Structure formats: C-alpha cells, structure tokens
Amino acid sequence: MPVPTEKPLRADARRNRECLLAAARDLFSEGERASLEQVAKAAGVGVGTAYRHFPTRNDLVEAVYRSGAAALVEAADELTAELPADEALGRWTDRLLAFAATKRGMSDALGELIASGSDIKESTRSQMVSAVATILEAGAKDGTLRTDVDAESVVDALSGMFMIKDSPEKARRVAALVTDGVRAR
C-alpha cells in the first residue's frame, strides 16, 4: 500500500507558514514563552491560520527548532563555498549562537518533546555534526583548520554555549575559544 504524501502548500499558505516560523523564532529568541495566538499576531496572520499549520504550540516549537537546524546545515555548505574554512567556521558558530538564542523561549516545550520520545535531540545533533564535518573537510583542503580534530568533538565543545543562558557575550567568547582552537597553526 503506498504511503500518502503531503500535498505541497499553495504559495500563500507557504508564505503564511514561513511568517509564523519567523515570528516564533523572533519571539523565542527574546525569551518569550509565546502562545500560538501571540505568534499569529506577530506574523500578521489570523489565529486560525496558525492552528491550521501548527495544531499545538509544541508542533510550532518543533518546526522552529528543526528548521533552524536545517538552516545551519545549509549554511555550512554556503559558507565553505564562499569563504576560507576557518572564516566559515566562525560565521557558522555565529549562526549557531543565534539558533541557541531561540531555545530560550522554548526550552520547556523542547523538554516535553524529548520526554515524549521525539528524536529532535538526536536528529539535531546529527545535523550539527554533519555541518561541522563539512567545514572541517573544507579546512583540511584549504589548510586553515586542524586535521586532527573530529566533528563530534567540535560539536561537544560548542554545546557548552547552550548552557550559558544569562550572557550572550560569554557564549560568544566560548564559541570563539573553540573556533580558535580548531584553526591550523
């Protein structure tokens, strides 16, 4: 029996969904535990539209988190195509910091998702390892990054940024320390 596939969204529905995700990302980055109603208002769409795309707040949280992780993977490819790998790593960690900031307003919901059996934590980690591996491979080719460091270790070291909740500047310093330690000497 064939598996049903999702119908592609109409252009206006896709635009509304993207507006909802962007508004939620912004609100969550500010530490807001925003409701679907607040997100809909910030996105400039009706609450019914929000509920059509995301029946629960946890569905919205999961979509924001997964889209952020996917964007980081894409960024690794884009940045290594444009920049030397050591610079790409620095820019990528800046984006990782922005991604980490979105967790402030959705940490409770992420905990609930993980407790309910969602693979979001493992899936995201796998994506981060893949993105860092892309950058490290580029660094091995252009000579700007150490070749004796593996992607999992870099992700482990960078994960310390996620523990720093009260000081974005301190998180940036930790990220800079890690990226500097990966540069070739």
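Scoring rules and cut-offs
Residues numbered from 1 in each chain as written. Predicted model: local features only at pLDDT ≥ 70, side-chain atom pairs only at ≥ 80, totals over all residues. Heavy atoms only, no water. Helix = DSSP H or I, 4+ residues; strand = E, 2+ residues; numbered from the N terminus. Buried < 20%, exposed > 50% of the residue type's maximum accessible area, 1.4 Å probe, protein only. Contact = heavy atoms within 4.5 Å. Phe/Tyr/Trp six-rings, centres within 6.5 Å; stacked < 30°, edge-to-face > 60°.

(A) A look at the side chain of Thr124. For Thr124, the location among the structural elements is in helix H7 (residues 120-142). When its relative accessible area of 5% is taken as the criterion, Thr124 is described as buried. Each residue touching Thr124, except ones within four places of it in the same chain, is listed here: Tyr65, Ala69 and Phe99.

(B) Representation of the packing of aromatic side chains in the model. In the structure shown here, the tally under the stated rule is one aromatic pair. Between the aromatic rings of Tyr65 and Phe99, the centroid separation amounts to 4.8 Å while the plane-to-plane angle is 35°, which identifies the pairing as tilted. Linking Tyr65 in helix H4 (residues 57-82) with Phe99 in helix H5 (residues 85-102), this pair joins segments that are 34 residues apart in sequence. With respect to burial, Tyr65 and Phe99 carry one shared label: buried.

(C) Seen up close, the environment of Lys103. The residue Lys103 is located in the loop between H5 and helix H6 (107-115) in this model. In contact with Lys103, other than residues within four places in its own chain, are Tyr65, Leu110 and Phe162.

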